[in-house]
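# Structural features, examined
Given next are the chains, with one letter for each unit.
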Amino acid sequence: MMNQWSVKSYLRFMVYTNAIECVSYGARKRIIAQCAILFLSFSAFAQNPISGSTTDIEDGAPLLGVSVLVRGTLSGTVTDINGRFTINASSEDVLLISHVGYETQEVRVGNQINISIKMVPDIQELSELIVTGYSSQSRQSITGSVSSIGAEEIASLPIMSLDRAMQGRLPGVYIGNEGYAGGNTMVRIRGFGTLNNNDPLFIIDGVQVSGGNLSSLNSTDIESITVLKDASSAAIYGARASNGVVIVTTKNGKPGALNVDISMSNGVNYVPESRFPRMLSPRQLAENVALSQINANLSGGNSGGFNHPQYGLGTSASEVILPDFINPQGASADDPRVAAGYDTNDDNSDGIFQLMRANKNGTNWFDEIIDPGYFQKYSISVSGGGELSRFLFGVGHYGEEGVIKFTDFDRYSLRMNSEFSIADDKIRIGENVSVNYSERTGIFAQNTLVNNNVESIISMTYRIPSIVPVGDEGGNFGGTQGGGLGNAINPVAHLFRSKDDKRRELRNLGSIYVEAEPIEGLVYKSLLGLNHLSRNITDFESKDPEASESTLFTTFSETNRWISNWNWSNTLSYELELSDSHFNFLIGKEILKNTFRESFGGRNDFINQDVSFRFLNVGQSSLQNGGFGGKNALSSYFGRVDYNFRNRYYSNFTIRRDGSSKFIENRWGSFVSAGFGWLISDENFFPSDGIISLLKLRASWGQMGNQNIPDSNGDLVFFTPDLENSSYDITGSNTGSLVGIDFSKGGNRDIRWETSEVTDIGFDAILFDSKIDVSFSWFNRKTEDMLLDTTPPGTGGFANNAFFNVGNVQNKGVEIAINYNEELGDLKYSIGGNLSTYRNEITSVGENASLTFNGNLARDLNQISINRLGDSTGSFFGFVIDGIFQNDSEVATHADQPGARPGTFRFRDVNDDGIINDEDRTIIGNPHPDFTYGINLNLSYKNFELDLFGQGVSGNELFNFQRYFTDFNNFQGQRGIRTLDAWSTTNPNGKLPLLSDSRPGLESAESSYYIEDGGYFKLRSIRLTYTLPPSMTTKLGVKYLKVFAQGKNVIVITDYTGLDPEINLQSFDDNTIEGRNRNRDIGIDRGAAPIPRSVIFGINLGF
Amino acid sequence: MKKVIRLFIVFNLIILNACDDGFLEVSPQGALVGAESLATMEGIDALLIGAYSVLDGWNGIGEGAWRSPASNWTYGNVPSDDGYKGSDQGDQTPLNDIERFTAIASNPYFLTKWKVVYDGVRRSNDVLRAITTARKIGTIDESDIETVNIREAEARFLRGHYHFEAKKMWNNVPYVDEIPLKIDEFKITNTVDIWPSIEENFQFAIDHLPETQPEIGRIASWTAKGLLAKAHMFQQDFVAAKILLDDIMNNGPFDLLPNYGDNFNVTFNNSVEDVFEVQTSVNDGVTNSGNGNWGDVINFPHDGSPFGCCGFNQPSFNLVNAYQTDPATGLPLLDTFNDDILTNDQGIDSTEPFTEYQGTLDPRLDHTVGRRGIPYLDWGDHGGRLWIRDQGFSGPYSPKKNVYRKSDVGNLTSNSGWTTNANAINIPLIRFADVILWRAEVAVEESDFETARQLVNRIRARARDGAFVSESDGSPAANYLINEYPTGHPAFGSLTEARKAVRFERRLELGMEGHRFFDLVRYRIAAETLNTYFAIEGTRNGRIFLAGANFEPGKHEYFPIPLSEILASSSNGVSSLTQNPGY
């Protein structure tokens, strides 16, 4: 329910403005305040009994339990079963009339003695104020693409992090979730605009929060989230706006009675077993290994057959024997060595051996690491206000056990928002302050990227053979120590040993402001914002003697990071009304500074594993430490003019000029935009046949910038003393090095902003007697002069690459949102849907058209993703496989392919030059979706309400990197069931090459074999709410009480064979302050934690 | 209205006119900017340490030190007949292709090696630039002038060395001096032969370096002479090489160590035999002992052994066979060494009985190769199959020269990192034995076979007279028999025979030290040697992964120029780098 119009409410609004003096669609707050002043001035008037009735505007039904309050007093009442009330009030009093599910109204008594009030259901309307850059605007006057969601919708989602509320709800907003407890979220607006950093700008209560993990903030505090997508709305943020702007506003109190709101929910997160990747049983794996050896004929000398440390010796795969014990080889149950059981938890002992019984039934490793986890969310807020002040005070707690064992996330938050009026309301001061402490526990607390990484815990779960037991006979962990089992680590052991690792974050985020209105319509506002983050990470690494490549010492490291960002903005706005013309002027100045420092230390050899013993001082050897930091500053001027004529023709113009410390020669950049709107349905010529009751056309154009690159790029060369990479033992001491200096980074004094030019055309319409509203936007976003660290010739020896302005990317797309509302007696329902597309293309890579930008390496596959002229960003790049060679003659007639023989993949000779080499790699997949969509259905019947919300992605491809381990003969280790369909002379239609230990290297090279359909549909939420009727709530002494049951992600439809398809966005690097978080590769499943499903029960109540 | 305008003006004056320029000047944090800040004695010294730091093949680009090891095991051993990739078939798969000569230009190994050697060049040039600037702006004290001259020569030596590494690998490579600064200026053509430039650097170093340096890790003039001689050998310029080799042998400070095996013992770092050696250090405060010999950390026996990782760089059957000696003469079996496979424990469990080969062997075998039943330094007997990651794939042997002793664990091995196998055994790049054997090669080419025989005998005598690998009771671990070539031996009777004998000796003496592939190319016998090797290893010796491998003469002598480099050095679609023939 966003971005929508409602003619019904528009009409109601018209009714309103006639009936009620004091509410206007303009700067509502100001006018309310004037009403209040009026009221205060004449409060001496005599009080008379006033009676009235409240009815629903739509069906005329009387409303029971409506609260009627004389403003500024404690005098109030509620309506009876006939919707009637009586109250004592003077003619100058204002009545506040409120009811759950309806908009609060303010009615001036005047000379009325019998007031008839038509209550309007609380849905968004034309006059709704949307928070935009440095101000608020009525939805009617917005000429660009702005989407928002309100508190109610956010509250209906059991989300951990506020940015996740946008997934599927807002057209054009793409969300990537990290599946683990407390994981990060990646937000992309209107596709991938650049090969540089794509993070949007987050403004929370006027404070810039660049990137970072927002999971430390309490989502219950949020009043609204607004996304500025086009230039006319976002360009006011100039140099930081090109990836879109997300404006988050937190709740504040409302004048009137004190409200206490409590919400509690509890639930269970889980991942169903049906999603676990399917693996070979121990016997199947043994046969696979034997066959690979037999086919390669290399078990020694000239003899065929196999010879494996675990599976024995033989000439056919059926002869494999599963051992009773995988370690030591040949051990049996009555082995005398069993007495000498080794305790892996005692770090002082030397590994002797472990008696590991083979798990002949097969360990389901995914089942071993994934377990349901309990979670809970509580929040309490107290809010209220009078004429001169309003406030909200809230506390919240969120606790989640991850579905990955031994991982947790906890958050405690505290909020204080208030506003005070002084000097006859000419000056308002206020603050929004939150203090948030969060703790991530377990393996994901570590500083390194532990998710979606080829060395991640998930990747290890794919790789460890199923014959390996979770535990050995002595009560220790089992592992791959036995030989012939590969080098994967026991993921359960690793998770268990990391269970006390912590990432603690204290985030203080807030702003204080003063707003003065010396002359009516002229408002000066000064806001000082601070975003401060302190982070402490403790990471303990134990010995893992059960692993084949075991580490036999303990390490503890501690990392501290301190981030301090502040911004100070001053704006002056003036609202001017000249007959049919309405003007709004805004000018402003803003400065901001970002600083961070990090230090870390580590030591080895902890004599005890006790958690309370984990301090750096306790470690005995290998003292290590380090530190680094960064700083940048921005200074800006901006202005905006909004003009509308007869509330029918709208326009706005913005300009912003930014200066950034990140640039030297081209420090300053200017960004302009313009937008136009036309309420064409207001024109006389517009047919009033009732089909289209409202139509607004809008168009906008403008420029925005992106300066999101690491600090200090201006100068030509930097030399950094570097312990690791530039020290040398010049004296030959063997244990001491002299620290040198090396060239660490190229520079470029000439770089300038990356600029996005966005054209946006759309319409908003209301059809069929307000039953349907539609919003449509077409956009063309062209990013030019991308700031890229091009890969320079290695011949230059550059350690870190310099940034250049290189290349353009274009994103074109459409966004549609449709909502349908209907009422059938007590049954009310609405269906909403939105659909977004974008087509992404790199339209220039600078002068050198052959330049490409590679994604990150994945293990030994060297270039999975490519960014090159004419293709989408992050396109998958590799060989095309045209089946499998059946016989020698097929090999002979095919192009010269290294290692080709019957049973190997047949690589396509793309360039038809008779040789298979690098030149034959081509685009093999596109990680971008054809479209994404969200659907919601809301049904209410009397006190019951049912919400369904689904979200999906279609047409994107994933690179399932895990196939490298599970489908090919890479590393000894577990294989997946697809290997059962390997080619052989008896299975000529097999999909995989002949199993063989003698395998040409190209076989598992990056190829079309890895590409899978990544589309999915997830039922994000299904929620049934029961609201207690007023008669009961009154008895209980509460204002409202709702109970709900909710399922999250309970239905997932996908063809993807990996753990979870929802990895289409990645690179969740929260070090954006250093300008990383690029998207040169996306959609590669390197082993991502799954997104859990949940069942939740909750209660919301208010006093 | 006027009042409004006035207020706007006041706002403009007060708020908007903040002082921006100072606010926006933010210096880089934790870094020095610009070459001038380092144009001092301290800066020159620090930059030069940075240039030395890349000698170990590890500059922190994070792509795996084994892709650019100082020991060159990935390029000198694996693609040669000395060794296999080792490990299991699926680990480090790009190396399978290097081994089989199926590697293509995008193989990530080549790119890392390229980046590392040219980073070394870059750092050397940064030293030279700082020196030039310092001299120009006069920041060098009178007393430091001579030191700076020496530093300049050291930097020139390093620049030559790094280019030499590139030359060996790719032949057609760009030469980078201290002139290029901007990225486009590094798009240098590789069609000009850089041998003259390499030699010029070494000659400068010879002319300006002292014979000894106060710090043992610093290059002295004798080292420069050694590397220049090596450059001549690579060009078959035997006349020029001879002068330098004679100078080194007659006037230099070097000698053979009495015991062959001591060359690979950390205690004998910087010994009298080391002409050019990379310094390594561990537990020096650098994360994961990054200054240890990281290029070789995966070249240790696998999980059943005390090392745990990762079984790479395994000696070949062919190499082991080469250490057989004639039971009558104690001389190598130059023509028949590979007729039979030396008895080994292939396919035999560690728990099953195994009797070692009883025939006569060159004692250097057991300093070079770890094999079952023979003491593996002070770790006890090599555990056989239990120690091998995948014997079915890569045979029964383990590398040995890079392996540390148990007695050095914790002190001279790393105490941190995912593997603690990084250790402080320096990496020999030129041993004095190298020099002697080059001189023998020169003698052969001059048809001075008697000199060649004597030089070879000097090598063999040391191997014979030094300590053998022995059991705990002091008895030899195997049936060692090695002798000098007697006067008039037919092995030194003709150019063909003498070449064979000297080259064979070089293989035995320097086995698994990263020279073999480059030597085969230098001798111009790579194709015949390796194709024969592939045929026999791939079938009779059971290394099926080598079956069908083919060395194509005219192509595989040099590796392909990394694809990324070709792309990165292109302007308007035209690359300044030309791919090597055949790729």
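Rules behind the numbers
- Counting starts from 1 at the beginning of each chain's written sequence and moves along it residue by residue.
- For naming, the first written chain is A and the first written ligand is 1, with later ones following in the order written.
- Thresholds applied to this predicted model are a pLDDT of at least 70 for local features of residues and 80 or more for the giving and counting of side-chain atom pairs; totals over whole chains, interfaces and linings are not thresholded and use all residues.
- No hydrogens and no water enter the side-chain calculation; it runs on all heavy atoms of the structure.
- Numbering goes from the N terminus for both helices and strands, where a helix is a DSSP run of H or I of at least four residues and a strand is a run of E of at least two.
- Between the two quantities, the radius of gyration covers C-alpha atoms and the globule rule is 2.2 Å times the number of residues to the power 0.38.
- Each residue is placed in one exposure class: buried if its accessible area under a 1.4 Å probe, protein chains only, is under 20% of its type's maximum, exposed if it is over 50%, and partly exposed if it falls in between.
- Note on areas: Shrake-Rupley, 1.4 Å probe, and residue coverage restricted to the protein chains presented here.
- When DSSP locates at least two bridges between a pair of strands, those strands are taken to pair.
- Where helices are involved, their axes are fitted lines through C-alpha atoms of the stretch in contact, as for all axes, and angles between N-to-C directions lie from 0 to 180°.
- Disulfides are defined as pairs of cysteine sulfur atoms found within 2.5 Å of each other.
- Segmentation of the chain into domains, including their bounds, is taken from an automatic or database domain assignment.
- Throughout, a contact is declared for two residues whenever any of their heavy atoms are within 4.5 Å.
- Put simply, buried area is the surface a 1.4 Å probe can reach on two separate parts but cannot reach once they are joined, added for both.
- When a carboxyl oxygen of Asp or Glu is within 4 Å of a side-chain nitrogen of Lys or Arg, the pair counts as a salt bridge.
- Should an angle lie under 35 degrees it is considered roughly parallel, over 145 roughly antiparallel, and from 65 to 115 roughly perpendicular; all remaining angles are considered oblique.
- Less than a right angle of anticlockwise turn of the near helix away from the far helix marks a crossing as left-handed, whereas a clockwise turn marks it as right-handed.
- Throughout this entry, Asp, Glu, Lys and Arg are counted as charged residues, while Ala, Val, Leu, Ile, Met, Phe, Trp, Tyr, Cys and Pro are counted as nonpolar. The remaining residues, Gly among them, count as polar.
- To count toward a patch, a residue needs a relative accessible area over 30% and no salt bridge; like charges are then connected within 9 Å, while nonpolar side chains (Val, Leu, Ile, Met, Phe, Trp, Tyr) are connected within 5 Å.
- Charge assignment: positive for Lys and Arg, negative for Asp and Glu; neither His nor the chain ends contribute.
- A charged residue contributes its charge at one atom only: NZ of Lys, CZ of Arg, CG of Asp or CD of Glu.
- Here, nonpolar core means buried Ala, Val, Leu, Ile, Met, Phe, Trp, Tyr and Cys residues that are tied together by side-chain atoms lying within 4.5 Å of each other.
- A residue's pLDDT is simply how confident the predictor is in it, with values from 0 to 100.
- Between 30 and 60 degrees the pair is tilted, below 30 it is stacked and above 60 it is edge-to-face, where a pair is any two Phe, Tyr or Trp rings, Trp via its six-membered ring, whose centres lie within 6.5 Å.
- Charge-over-ring contacts are defined here by two conditions on Lys NZ or Arg CZ: a distance within 6 Å of the ring centre and an angle within 35 degrees of the ring normal.
- The term polar contact refers here to a pair of N or O atoms within 3.5 Å; inside protein, the definition further demands a hydrogen-donor-capable atom paired with an acceptor-capable atom, and it admits residues adjacent in sequence only when both atoms are side-chain atoms.

### What to know about the overall build of chain B
For chain B, the count of helices and strands is 19 helices and nine strands. The globule rule puts the C-alpha radius of gyration for 583 residues at 25 Å, and the 27 Å found for chain B is close to it. For chain B, the spread of C-alpha atoms along the three principal axes comes to 115 × 50 × 50 Å. For chain B, buried positions account for 68% of its 583 residues. As displayed, chain B offers around 18500 Å² of accessible surface, 52% of which is attributable to carbon and sulfur atoms.

### Description of the sheet that holds strand β5 (residues 94–98) of chain A
Residues and elements named next belong to chain A. A sheet is described by the order of its strands in space; here four strands give the open sequence β3-β2-β5-β6, paired in antiparallel fashion. Only two strands of the sheet have a single partner each, and these edge strands are β3 (76–78) and β6 (105–108). Each adjacent strand pair in this sheet contributes to an overall mean axis angle of 20°, direction not counted. Here four bridges tie strand β2 (residues 67–70) to β5, and the two strands are oriented antiparallel to one another. When the bridges of β5 are listed, valine 70 appears paired with leucine 95.

### Notes on the state of the cysteines
Residues and elements named next belong to chain B. In the structure shown here, the tally under the stated rule is one disulfide over all chains. Two residues share a disulfide in this structure: cysteine 309 and cysteine 310, whose sulfurs sit 1.5 Å from each other. In this structure, the disulfide formed by cysteine 309 and cysteine 310 twists by about -75° around the S-S bond and is classed as left-handed. Classification of cysteine 309 by relative accessible area gives buried; the value is 2%. Cysteine 310 sits in the buried class, given a relative accessible area of 3%.

### Notes on the domain arrangement of chain B
Residues and elements named next belong to chain B. Taken as a whole, chain B is organised into domain 1 (11–252 + 557–572) and domain 2 (316–401 + 444–523). When each unit is reduced to the centre of its C-alpha atoms, the spacing between domain 1 and domain 2 is 35 Å. Each partner contributes to the interface: domain 1 provides 30 residues, whereas domain 2 provides 24 residues. Carbon and sulfur atoms supply 59% of the area buried between domain 1 and domain 2, which totals about 2400 Å² over both sides. By the criterion of area lost to domain 2, the three top residues of domain 1 are Asp81, Asp82 and Tyr84, representing 27% of everything that side buries. Viewed at the interface, domain 2 and domain 1 are joined by six salt bridges. Across the pair arginine 389 and aspartate 91 runs a salt bridge, and its minimum N-O distance is 2.9 Å. Where the side of domain 1 that touches domain 2 is concerned, the elements lending two or more residues are α4 (73–77), β2 (83–86), α7 (145–170), α9 (221–234) and α10 (238–251). In terms of residue count, the dominant contributor to the side of domain 1 that touches domain 2 is β2 (four residues).

### Considering the packing of helix α6 (residues 108–137) of chain B against α7 of chain B
Residues and elements named next belong to chain B. Running from N to C, α6 and α7 point in directions that differ by 160°, and their axes come no closer than 9 Å. With respect to α7, the axis of α6 lies roughly antiparallel. For the pair α6 and α7, the sense of crossing is left-handed. Here the residues of the contact of α6 with α7 are counted per class, giving 15 nonpolar, five polar and seven charged.

### What about the environment of glycine 295 of chain B?
All names here are of chain B. Tracing the backbone through its elements, the reader meets glycine 295 in the loop between β3 (274–278) and β4 (312–315). Taking the C-alpha atoms as reference points, glycine 295 and histidine 556, 261 residues apart in sequence, are found 24 Å from one another. Not counting residues within four places of it along the chain, the set of residues in contact with glycine 295 comprises Ala65, Trp66, Pro69 and Trp73.

### Quick notes on a positive patch on the surface
Where like charges cluster on the molecular surface, the positive patch consists of Lys426 of chain A together with Lys2, Lys3 and Arg6 of chain B. Mapped onto the elements of the fold, arginine 6 of chain B is located in helix α1 (residues 2–16). Residue arginine 6 of chain B is classed as exposed on the basis of its relative accessible area, which comes to 52%.

### Some words on the nonpolar core
Residues and elements named next belong to chain B. Residues Phe157, Trp170, Phe432, Val435, Phe492 and Leu530 are the most contacted members of the largest nonpolar core, which totals 160 residues. Taken domain by domain, this core gets at least three of its residues from each of domain 1 (11–252 + 557–572) and domain 2 (316–401 + 444–523). The residues touching tryptophan 170, leaving out its near neighbours within four places in the chain, are Phe110, Lys113, Trp114, Val117, Tyr558, Phe559, Pro560, Ile561, Pro562 and Asn580.

### Some points on the confidence of the model for chain B
Predicted coordinates in regions of low pLDDT should not be interpreted in detail. All names here are of chain B. Of the residues in chain B, 96% reach a pLDDT of 70 or more, and the chain-wide mean stands at 91. Model confidence for chain B, summarised as mean pLDDT per element, is weakest for α1 at 67 and strongest for α9 at 98. The complex prediction reports pTM at 0.84, with the ipTM value standing at 0.94.

### Thoughts on the side chain of aspartate 519 of chain B
Assignment of secondary structure puts aspartate 519 of chain B in helix α17 (residues 516–523). For aspartate 519 of chain B, a relative accessible area of 5% translates into the label buried.

### A short note on the packing of aromatic side chains
Residue and element names in this part refer to chain B. Enumeration according to the criterion identifies 75 aromatic pairs over all chains in this entry. Feature note: the residues Tyr75, Phe101, Phe110, Phe517, Phe518, Tyr533, Phe534, Phe551 and Phe559 constitute an aromatic cluster, connected by ring pairs. Note that arginine 156 overlies the ring of phenylalanine 204, its terminal NZ or CZ placed 4.3 Å from the centroid.

### Points about the pairing of strand β32 (residues 668–679) of chain A
Bridge count for strand β31 (residues 649–660) of chain A against β32 of chain A is 11 bridges, and the pairing is antiparallel. Residue pairing for β32 of chain A: glycine 659 of chain A is matched across the bridge by tryptophan 668 of chain A.

### Topic: the interface of chain A and chain B
Taken together, the contact between chain A and chain B spans 117 residues of the former and 124 residues of the latter. Between chain A and chain B, a total of about 9700 Å² is buried, with carbon and sulfur atoms accounting for 57% of that surface. Here chain A and chain B share three salt bridges between them. The salt bridge partner of arginine 123 of chain B is aspartate 742 of chain A, with a shortest N-O separation of 3.3 Å. Viewed at the interface, chain B and chain A are joined by 25 residue pairs in polar contact (both at pLDDT 80 or more). At 12 residues, the largest contribution of residues to the side of chain A that touches chain B is made by strand β30 (residues 621–645) of chain A. In terms of residue class, the side of chain A that touches chain B is made up of 42 nonpolar, 58 polar and 17 charged.

### A short note on the pattern of salt bridges
All names here are of chain B. In total, this model carries 89 salt bridges over all chains according to the counting rule given. Aspartate 81 serves as the salt-bridge partner of arginine 507, at 3.6 Å between the closest nitrogen and oxygen. Taken together, the residues span a long stretch of sequence, with arginine 507 in helix α16 (residues 495–509) and aspartate 81 in the loop between α4 and β2 at a distance of 426 residues. Residue arginine 507 shares its accessibility class with aspartate 81, and that shared class is buried. Taken together, the salt bridges that share partners define one network made up of Glu273, Asp362, Arg364, Lys401, Arg431, Arg460, Arg462, Glu505, Glu509 and Glu513.

### Quick word on the confidence of the model for chain A
Averaged over every residue, the pLDDT of chain A is 82; the share at 70 or more is 88%. Predicted confidence is poor over residues 1–44 of chain A, with pLDDT under 50, and the contacts of this stretch with residues over four places away or in other chains come to 98 contacts.

### With respect to unusual backbone geometry
Residue and element names in this part refer to chain B. Residue cysteine 309 is joined to cysteine 310 through a cis peptide bond whose omega torsion reads -10°. Looking at the element boundaries, cysteine 310 is found in the loop between β3 and β4. Backbone geometry places serine 87, a non-glycine residue, at a positive phi of 60°. Tracing the backbone shows serine 87 in the loop between β2 and α5 (93–100). A positive phi angle, near 60°, is found at asparagine 171, a position not held by glycine. Counting through the fold element by element, asparagine 171 comes out in the loop between α7 and α8 (195–208).

### Some thoughts on a nonpolar patch on the surface
Residue and element names in this part refer to chain A. Together, Ile380, Phe393, Val395, Leu414, Met416, Val433, Val435 and Leu506 give the surface a local cluster of nonpolar side chains, amounting to about 570 Å² of exposed area. Of all the secondary structure elements, the ones that give two or more residues to the nonpolar patch are β23 (389–401), β24 (408–422) and β25 (427–441). In this structure, valine 433 sits in strand β25.

### Some words on the sheet that holds strand β45 (residues 852–854) of chain A
Residues and elements named next belong to chain A. In space, the four strands of this open sheet follow the order β45-β46-β47-β50, with antiparallel pairing throughout. Unpaired on one side and paired on the other, β45 and β50 (922–925) mark the two borders of the sheet. The average undirected angle you get between the axes of adjacent strands in this sheet is 50°. Relative to strand β47 (residues 875–878), strand β46 (residues 865–868) is paired through two bridges, and the arrangement is antiparallel. Residue pairing across strands places serine 865 opposite phenylalanine 876, the latter belonging to β47.

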